[in-house]
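Examination of the molecular architecture
Here are the chains, one letter per residue:
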Amino acid sequence: MSSSGWILAVCLVVLGGGRHAVRAEERPGSERNCSAIPPYLPPTAVNTTLRLRDLRESMISLNISAYIIPDTDAHLSEYIASRDARMAWMSGFTGSAGTAVITQNKAVLWTDSRYWIQAERQMDCNWELERDGSIHSITNWLILEIPEGDRVGFDPFLFSVDTFGVYNTNLAPAGRILKSIPDNLVDQIWTDRPPLPPDNPMRLPDSVIERTWPMKVDHIRAQISDNPYKPTAVLLSALDETAWLFNLRGNDIPFNPFFYSYTLLTMDEIWLFVHIERISEELKLYLNDSCYQGYCVQLLEYSSVRINLENYLQKPNVRVWVGTKYTNQALYELITPEDKLLTSSYSPVLTTKAVKDVTEQRILKEAHVRDAVAVMQLLLWLEKKVPEGTETELTAAQFVDQCRSKQKNSRGPSFETISASGPNAALAHYSPSTEAARKLTVDEMYLVDSGGQYLDGTTDITRTVHWGNPTDFQKEAYTRVLMGNIEISRTIFPAGTRGVNMEMLGRRALWEVGLNYGHGTGHGVGNYFGVHEWPVGFQSNNIPFQEGMFTSIEPGYYKENDFGIRIEDIAVTVPATTKHSSNYLTFETVSLVPYDRKLINTSLLSPEQLHWLNSYYETIRSVVGPELQRQGLKEEYDWMMKHTTPFLTAGASSVISSVTLLVTVLASVVL
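Worth saying up front: this structure is predicted, and the values here are computed from it rather than measured.

Details of the overall build of the protein chain
The secondary structure content of the protein chain amounts to 19 helices and 28 strands. A compact globule built from 671 residues should have a C-alpha radius of gyration of about 26 Å, and the protein chain, at 27 Å, falls within 12% of that. Taking the principal axes of the C-alpha coordinates as reference, the protein chain spans close to 80 × 70 × 45 Å. The 671 residues of the protein chain split such that 56% are buried. Considering only contacts in the protein chain between residues 6 or more positions apart, those separated by 24 or more positions represent 70%. Accessible area of the protein chain: about 27300 Å², with a carbon and sulfur share of 52%. Computed over 59 positive and 78 negative side-chain charges, the separation of the two mean positions in the protein chain equals 2 Å.

Side note on the sheet that holds strand 1 (residues 66–69)
Here six strands make up an open sheet; going across it, the order is 4-3-2-1-5-6 and the pairing mixed. Looking at strand neighbours, the two that pair on one side only are strand 4 (127–130) and strand 6 (177–180), the edges of this open sheet. The sheet shows a mean angle of 25° between the axes of neighbouring strands, taken without regard to direction. In the packing of helix 1 (residues 49–62) onto the sheet, the strands contacted are strand 1, strand 2 (99–103), strand 3 (107–110), strand 4 and strand 5 (151–154), and the crossing angle to strand 2 comes to about 65°. Helix 5 (residues 161–171) contacts strand 1, strand 2, strand 5 and strand 6 of the sheet and is inclined by roughly 145° relative to strand 6.

Things to note about the pattern of salt bridges
A complete count under the given rule lists 38 salt bridges for this structure. With its nearest N and O atoms 3.1 Å apart, the salt bridge here joins Lys353 to Asp240. In this pair, Lys353 is assigned in helix 12 (residues 348–353) and Asp240 in helix 8 (residues 239–245), connecting sequence segments 113 residues apart. Here Arg370 makes a salt bridge to Asp456, at a shortest N to O gap of 2.7 Å. With Arg370 in helix 13 (residues 358–385) and Asp456 in the loop between strand 18 (452–454) and strand 19 (457–458), this residue pair connects regions lying 86 residues apart in the sequence.

Description of the side chain of Asn542
Its place among the elements puts Asn542 in the loop between strand 23 (533–537) and strand 24 (550–553). In this structure Asn542 comes out as buried when scored by relative accessible area, which is 3%. There is a polar contact of 3.0 Å between the side chain of Asn542 and the backbone nitrogen of Phe538. Residue contacts for Asn542: discarding those within four places in its chain leaves Arg498, Trp534, Pro535, Val536 and Gly537.

Focus on the nonpolar core
Across soluble globular proteins, you tend to see nonpolar side chains buried next to one another. Leu382, Tyr595 and Ile600 are the most contacted members of the largest nonpolar core, which has 64 residues in total. Contact partners of Ile600, with chain neighbours within four places excluded, come to Tyr478, Thr479, Leu482, Tyr595, Leu605, Leu613, Tyr617 and Phe647. Membership of the second largest hydrophobic core comes to 53 residues, among which are Phe157, Val297, Leu313 and Leu341.

Here we look at the state of the cysteines
Tallied over the entire structure, the rule returns two disulfides. Between the sulfur atoms of Cys34 and its disulfide mate Cys125 the distance is 2.0 Å. Classification of the bridge connecting Cys34 and Cys125 rests on its S-S torsion, roughly -95°, and on that basis the disulfide is left-handed. With Cys34 in the segment before helix 1 and Cys125 in the loop between helix 3 (116–122) and strand 4, this pair connects stretches of sequence that are 91 residues apart. The class for Cys34 is partly exposed, based on a relative accessible area of 25%. A sulfur-sulfur separation of 1.8 Å characterises the disulfide bridge that pairs Cys291 with Cys296. Disulfide Cys291-Cys296: the torsion about the S-S bond is 110°, which places it as right-handed.

A closer look at the sheet that holds strand 16 (residues 418–421)
Strand order in this open sheet of three strands is 16-17-20, and the pairing throughout is antiparallel. Edge strands, defined here as strands with exactly one partner in the open sheet, are strand 16 and strand 20 (461–466). Neighbour to neighbour, the strand axes of the sheet diverge by 10° on average, direction disregarded. Note: strand 17 (residues 445–450) against strand 20, six bridges, orientation antiparallel. Directly across from Leu447, in strand 20, lies its bridge partner Thr464.

Considerations on the pairing of strand 20
Most of strand 20 sits inside the fold, with six of its six residues counted as buried. Alternating positions in strand 20 separate into two faces, Ile461, Arg463 and Val465 on one and Thr462, Thr464 and His466 on the other, with burial throughout.

Structural notes on the packing of aromatic side chains
Applying the stated criterion across every chain yields a total of 28 aromatic pairs. With a centroid separation of 5.5 Å and 80° between ring planes, the pair formed by Trp110 and Trp141 is classed as edge-to-face. Highlighted residues: Trp110 in strand 3 and Trp141 in helix 4 (residues 135–145), separated in sequence by 31 residues. In this structure Trp141 comes out as buried when scored by relative accessible area, which is 10%. One aromatic cluster is present, built from ring pairs that chain together Tyr595, Trp612, Tyr616, Tyr617 and Phe647. Residue placement shows Arg221 over the ring face of Tyr295; its charged tip is 5.5 Å from the ring centre. The residue whose ring lies beneath Arg507 is Tyr517, and the NZ or CZ to ring-centre distance is 3.8 Å.

Some points on helix 9 (residues 281–288)
In an α-helix there are 3.6 residues to a turn, and that puts residues three or four apart on one side. Residues of helix 9 that are buried include every one of Leu283, Tyr286 and Leu287, and no others. Down the axis, helix 9 shows its buried residues gathered within 90° of arc, on one side only. For helix 9, the exposed residues set more than 90 degrees away from the buried face come down to Glu281 and Leu285.

Re helix 17 (residues 607–630)
With 24 residues, helix 17 should cover 34 Å at 1.5 Å per step; its first-to-last C-alpha distance of 35 Å lies within 8% of that length. The largest bend in helix 17 amounts to roughly 35° and is located at Val624, with the proline Pro626 lying one to four residues further along.

Description of unusual backbone geometry
The peptide bond linking Ile37 to Pro38 adopts the cis configuration, its omega dihedral lying at -5°. Put simply, Trp534 and Pro535 share a cis peptide bond, and its omega is 10°. Phi is positive for Asn247, which is not a glycine, with a value near 55°. Counting through the fold element by element, Asn247 comes out in the loop between helix 8 and strand 9 (248–249). Classification of Asn247 by relative accessible area gives buried; the value is 4%. Unusually for a residue other than glycine, Phe255 sits at a positive phi of about 70°. Mapped onto the fold, Phe255 is located in the loop between strand 9 and strand 10 (262–266).

Conventions used here
Residues numbered from 1 in each chain as written. Predicted model: local features only at pLDDT ≥ 70, side-chain atom pairs only at ≥ 80, totals over all residues. Heavy atoms only, no water. Helix = DSSP H or I, 4+ residues; strand = E, 2+ residues; numbered from the N terminus. Rg over C-alpha atoms; globule rule 2.2 N^0.38 Å. Buried < 20%, exposed > 50% of the residue type's maximum accessible area, 1.4 Å probe, protein only. Contact = heavy atoms within 4.5 Å. Areas by Shrake-Rupley, 256 points an atom, 1.4 Å probe, with all protein chains shown as cover. Lys, Arg positive; Asp, Glu negative; His and termini not counted. Charge placed at Lys NZ, Arg CZ, Asp CG, Glu CD. Pairing = 2+ DSSP bridges. Axes fitted to C-alpha atoms, helices over the stretch in contact; angles between N-to-C directions. Salt bridge = Lys/Arg side-chain N within 4 Å of Asp/Glu carboxyl O. Polar contact = N/O pair within 3.5 Å; in protein donor to acceptor, adjacent residues only side chain to side chain. Core = buried A, V, L, I, M, F, W, Y, C linked by side-chain atoms within 4.5 Å. Disulfide = S-S within 2.5 Å. Phe/Tyr/Trp six-rings, centres within 6.5 Å; stacked < 30°, edge-to-face > 60°. Lys NZ or Arg CZ within 6 Å of the ring centre and 35° of its normal. Arc of directions from axis to C-beta. Expected span 1.5 Å × (residues − 1). Bend = angle between axes of the 7 residues up to and from the residue.

Right, dumping it as structure tokens:
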């Protein structure tokens with residue numbers, strides 16, 4: 001339930017005491033004050049008294065002393081559907097990261113610093129806030145709160161294999177017992193839980209497919225056969241795994257074209273677990289049009305995955321291969337004895353999907369060209385409108401969504417736009433709302449991180465701009481962030497290099513002057529899939545880079561309560577030309593929107609960085625220019641030509657030669 005779901009208009013009984021919460025309208029304030037007499041609750045707080053009462057009754061019947069409610073779904077998705085927002089419904093807190101724990105006399109939420117203020121605005125005084133997001137903090141609290149020998153309940157569908165391992169490692173030595181309860185207790189009391197979305201899964205058109213689903217099945221079966229540990233099946237739990245394997249998409253998850261599903265693939269059978277009533281006759285024909293030997297897709301009910309996996313495991317000489325990062329504990333705990341189990345961090349589907357085929361590479365680049373048009377429309381519009389003082393962070397976010405919606409193959413945004421001005425931009429994951437949207441002004445830096453879903457690709461791009469007079473420090477910080485982006489983008493590295501071994505290139509220019517940023521430097525991106533697509537990127541648990549992988553490159557810098565900078569592009573790994581070897585790669589940037597010239601101090605850039613920047617601008621002109629002309633966007637074309645004027649490399653000066661300027665002006669006049 002959203003924070004608007006239970007507006008507090010009457011007094012609440014809190015924490016079992018006799019005090020009552022004051023009516024929201026009687027007193028101003030945006031955050032709760034539970035120490036006041038009577039306690040104060042803002043109008044955004046949610047009344048959870050009855051929900052907690054009902055859940056605690058269920059806990060008594062099961063003889064558990066505590067119940068853990070994570071913020072994920074059965075597929076460990078980054079984004080979840082409203083029907084899976086159990087933590088939010090129980091607590092009122094709608095942030096994207098948190099864990100709730102409920103005992104008979106306490107209800108506690110753990111979340112990180114991004115969401116502390118939001119939690120204080122949304123939770124009532126039944127809840128305590130722990131300002132820590134770690135499992136270690138949760139288990140320490142449980143050990144102190146419940147007696148030795150007591151049981152802690154959890155839904156195994158909402159725990160990854162690794163998450164369960166950490167909880168168990170911390171609790172078991174202290175004599176606190178984890179109790180797996182597959183029937184979720186929140187679902188049993190959530191009487192108005194949202195239903196399944198009405199949209200049925202759909203097949204991708206042939207124009208965006210190079211490999212048919214039987215070809216993909218063959219490829220994965222070959223990896224099963226070649227594995228020296230001799231698995232007989234692979235279990236696919238992440239939603240993008242099944243969607244990729246069968247070239248299907250859905251609309252069950254916000255911003256992500258997925259549908260609820262599991263797949264068990266053996267050498268001669270294919271079991272697809274879905275809500276069968278949502279599979280059209282056309283789709284059934286598509287999946288079984290070539291039904292012969294091992295290519296018949298058996299459609300099984302989504303909820304039957306556990307019983308069917310158990311039945312398969314009863315067979316002799318079977319071994320199931322699972323990727324532990326996205327397999328839930330509910331399925332993992334069934335695979336016994338140990339000789340029936342084979343694990344790797346990621347399934348063969350995820351590692352195969354990470355390398356785009358020729359068609360996927362081509363269409364993903366094409367999607368980025370159209371996406372660049374939409375972002376340029378936004379930046380031009382802001383240049384004209386911000387000085388008038390009429391626009392806010394929210395109207396800017398809405399405008400870029402509108403621009404993308406008009407582009408070919410648009411399927412909506414790929415995530416909630418981060419549109420942040422001034423101090424809000426210092427919050428790396430801030431998003432505006434109707435209640436709190438800062439007015440845009442020429443006196444502040446502005447950061448916009450946005451992306452689109454298209455039938456042929458997924459995009460994610462961040463630009464930071466200033467419409468007035470930036471300070472010298474703002475220009476230096478921006479330039480050093482840009483230097484980090486360029487250094488990763490232009491680096492040449494052996495195929496098979498891990499991103500974590502290059503990540504410091506994005507930070508080096510900042511480190512040299514004692515600056516840094518607190519988030520990752522990049523993540524994979526999909527073809528009409530998730531905007532954060534594992535296992536590609538620059539973290540220690542990402543797989544080595546191979547040709548054909550797409551990743552973001554996004555260094556940043558954030559000065560608390562002042563401004564934030566992030567420059568994010570999507571790039572694809574391509575072969576690099578070297579003097580002595582052909583087994584080297586580099587990055588080709590496919591996000592094609594110019595950076596803010598006003599913020600670039602070219603005296604800090606090396607000749608090699610300036611050359612890369614000018615070459616990038618030439619690419620924007622040659623690739624996006626024709627698309628702007630095709631769409632009849634003359635003003636946007638002129639804007640693009642102006643903002644991609646080459647920088648002079650001699651002496652690293654930012655002065656534009658009169659000849660270059662004249663050529664730019666003439667080109668605009670001729671158009």
